[in-house]
Amino acid sequence: MVKRWRQQVKRWMAETLELPADIMMDLPRITMIGQIHIYIENHRGLLAFSDKELRLLLRNGQLIVRGEQFVIKTILPEEILLEGKINQVTYIDK
Amino acid sequence: MKNEWVDTLAGSVRVKVRGKGIERLINACVRQGMAVWNVKKHSADTVTFFIRLSDVKQLRHIARKSGCKLSFVGRTGLPFFWRRVWRNSGFWLGLLVFLAGVFLLSNVVWNIDIEGATPETEHQIIRELKRMGVERGAFQFLLDDPETLQKKLTERIRDITWVGVEWKGTSLHFQVVEKEIPEPKQPLPPRHLVAKKEAVVVDLFVEEGQPLVSVNDYVQKGQLLVSGIIGAEGRTKFVPANGKVFGETWYKSTVVLPLETTFHVLTGKAMARHYIGIGRLSIPVWGWEKPPFSHMVVEREKRPFRFWKWDLPFYYERVIIREAEAVKRSYTWEEAFAEARRIARRELRAKLPEEAAIRGEKVLHQEKENGKVRVELHYEVIENIAVPQPIVQGD
């Protein structure tokens, strides 16, 4: 109850005070360059990786990236840069 | 973000991981602050990725816990490059050749520049230097040191008064002062001419000034000869007195000469030995025969080897052994007296200025004392006794 209420306050602040939503609400920031690069900030760890699929843990839920010939160019505690041919990006709620 | 350059310099390793829970392993690595890049999946349970060389230990530690198998499949970067180079004999050979080249070239005369000489003198100097072995491409340690060069050049070339010899790195620099440099004439300040020493005036030749003495006058040391104050009373004028006053002066000298003298004369026979030395240790390189001389004079000359612009602790040493011969010279009493007089005259001549003339010589006293002669002489000399003395205005 309290958690949901706090979430609503944060969303309200992000909207009215024009603060960046990813910082306020701890959401991932995803940058894609066409199909070839995807850059995900604010993830919570690697769950699964193959050359066709990347599964990342988020604060609430998971992010699945599907495509071909995946290579993780860089991985840092909260950032990841993936290269390959990206076909779809899917969110899975917890 | 990772920096490609830093990784190249520090070295990086490609790791192949086989097993289950590879994702967990990567997460653990990343959380420990290791840089992981170019992660590729090859089959269901194999992954390769790159890490820094310095992180390998940490990775092993993590992998042991996770139960994955590690193998290293590639190494790139400077540390591995160096290791390869280190084992390469060609590299060492090249380095050796390079160092030898720099060493050899550092010990060569690269340039000779002569400053302050007219083209003729310069040509003469170059020819003379060539005769001494100093030319472009000669080895520095085989040459004479700058002081000797300087002395030899000054002796052999008559047109130069002074020559400064200096090493500037691998080039020899000569600073020449030639004899016929006209002196700039400066206006003389008002002055008198006074007597240098006591004398009897023999001749006067006054260009400017008021002469105060005449021929046959006896003058004391410091006496005014030509005044720089001219003109009648009340209309006096100060001029620089100029001229020559020749006076008869007197000198006395005593010479003692032994009848018999022994001295060593070089016969001209010589042999050289060459050494290369480090510190106090000298290693003979050439010349081992024993000198067949009974008397000898040994000359040693040390020249350091150079590298780039520094003197190395090694040096080249040349030892020249010259044969000497003892020569005994003996005079009879008459010869000794004559020789003593000649010596006295030569000594006096050297002391006097060039325009002075020795007019008379008288033997005051000569005696024989245990194997020596002792001669006292008296000379009459005609010389210019006038020396300038500035007039202090306002006196």
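- In the nomenclature of an unreviewed UniProt entry, chain B corresponds to Sporulation protein YqfD from the organism Geobacillus icigianus.

- Within an unreviewed UniProt entry, the label attached to chain A reads Sporulation protein YqfC, and the organism entered is Geobacillus icigianus.

### Brief notes about the sheet that holds strand β20 (residues 357-369) of chain B
Where strands meet in a sheet, backbone hydrogen bonds hold them as pairs that are either parallel or antiparallel.
Residue and element names in this part refer to chain B.
Thought 1: Taken together, five strands build an open sheet; the order of strands is β11-β9-β15-β21-β20 and the sheet is antiparallel. One side of each edge strand has no neighbouring strand; the edge strands of this open sheet are β11 (218-219) and β20.
Thought 2: Relative to strand β15 (residues 242-258), strand β9 (residues 199-208) runs antiparallel, the two sharing seven bridges. Within β15, the residue paired with Val200 across the bridge is Glu248.

### Thoughts on the interface of chain A and chain B
Accessible area lost upon the coming together of the parts serves often as the stated size of an interface.
Thought 1: Between chain A and chain B, the residue contacts involve 14 residues of the former and 13 residues of the latter.
Thought 2: Secondary structure elements with two or more residues in the side of chain A that touches chain B: β3 (46-49) and β5 (62-76) of chain A.
Thought 3: For the side of chain A that touches chain B, the element with the most residues is β5 of chain A, which contributes six residues.
Thought 4: Class assignment for the residues of the side of chain A that touches chain B results in nine nonpolar, three polar and two charged.

### A short note on the sheet that holds strand β12 (residues 224-227) of chain B
Residues and elements named next belong to chain B.
Thought 1: One open sheet holds the four strands; their spatial order is β10-β12-β8-β22, and the pairing between them is antiparallel. Each edge of the open sheet carries a strand with a single partner, namely β10 (210-211) and β22 (386-390).
Thought 2: With two bridges joining them, strand β8 (residues 191-195) and β12 adopt antiparallel strand pairing. Pairing of Val194 across the sheet is with Leu224, part of β12.

### Considerations on the nonpolar core
Thought 1: Core analysis: the biggest nonpolar cluster contains 31 residues, and Ile26, Val36 and Val39 of chain B have the highest contact counts within it.
Thought 2: What Val36 of chain B contacts, discounting residues up to four positions off in sequence, is Ile75 of chain A together with Ile26, Cys29, Val30, Phe49 and Ile51 of chain B.
Thought 3: Leu193, Val219, Val226 and Ala241 of chain B belong to the second largest nonpolar core, which has 13 residues in total.

### Here's the deal with the pairing of strand β4 (residues 53-57) of chain A
Residue and element names in this part refer to chain A.
Thought 1: Burial along β4 is one-sided: the residues Leu54 and Leu56 are buried and none of Glu53, Arg55 and Leu57 is.
Thought 2: Taken together, the three bridges between β3 and β4 define a ladder with antiparallel strand orientation. By the bridge assignment, Phe49 is partnered in β4 with Leu54.
Thought 3: Once β3 ends, the chain turns through three residues before running back antiparallel as β4.
Thought 4: Hairpin remark: β4 followed by β5, antiparallel, with four residues in the connecting loop; positive phi at Gly61, about 110 degrees.

### Describing the packing of helix α2 (residues 22-31) of chain B against helix α3 (residues 56-66) of chain B
Residues and elements named next belong to chain B.
Thought 1: Running from N to C, α2 and α3 cross one another at 145 degrees; their axes reach a closest spacing of 10 Å. Taken as a pair, α2 and α3 cross one another with a handedness that is right-handed. Taken together, the residues of α3 that come into contact with α2 (itself represented by Arg24, Leu25, Ala28 and Cys29) are Leu59, Ile62, Ala63 and Ser66.
Thought 2: Its residues assigned to classes, the contact of α2 with α3 comprises six nonpolar, one polar and one charged.

Rules of the game
Residues numbered from 1 in each chain as written. Chains lettered and ligands numbered in written order. Predicted model: local features only at pLDDT ≥ 70, side-chain atom pairs only at ≥ 80, totals over all residues. Pairing = 2+ DSSP bridges. Helix = DSSP H or I, 4+ residues; strand = E, 2+ residues; numbered from the N terminus. Contact = placed C-beta atoms within 7 Å. Nonpolar A, V, L, I, M, F, W, Y, C, P; charged D, E, K, R; others polar. Core = buried A, V, L, I, M, F, W, Y, C linked by C-beta atoms within 7 Å. Buried ≥ 20, exposed ≤ 12 C-beta atoms within 10 Å, placed from the backbone. Axes fitted to C-alpha atoms, helices over the stretch in contact; angles between N-to-C directions. Left-handed = near helix turned anticlockwise from the far one by under 90°.

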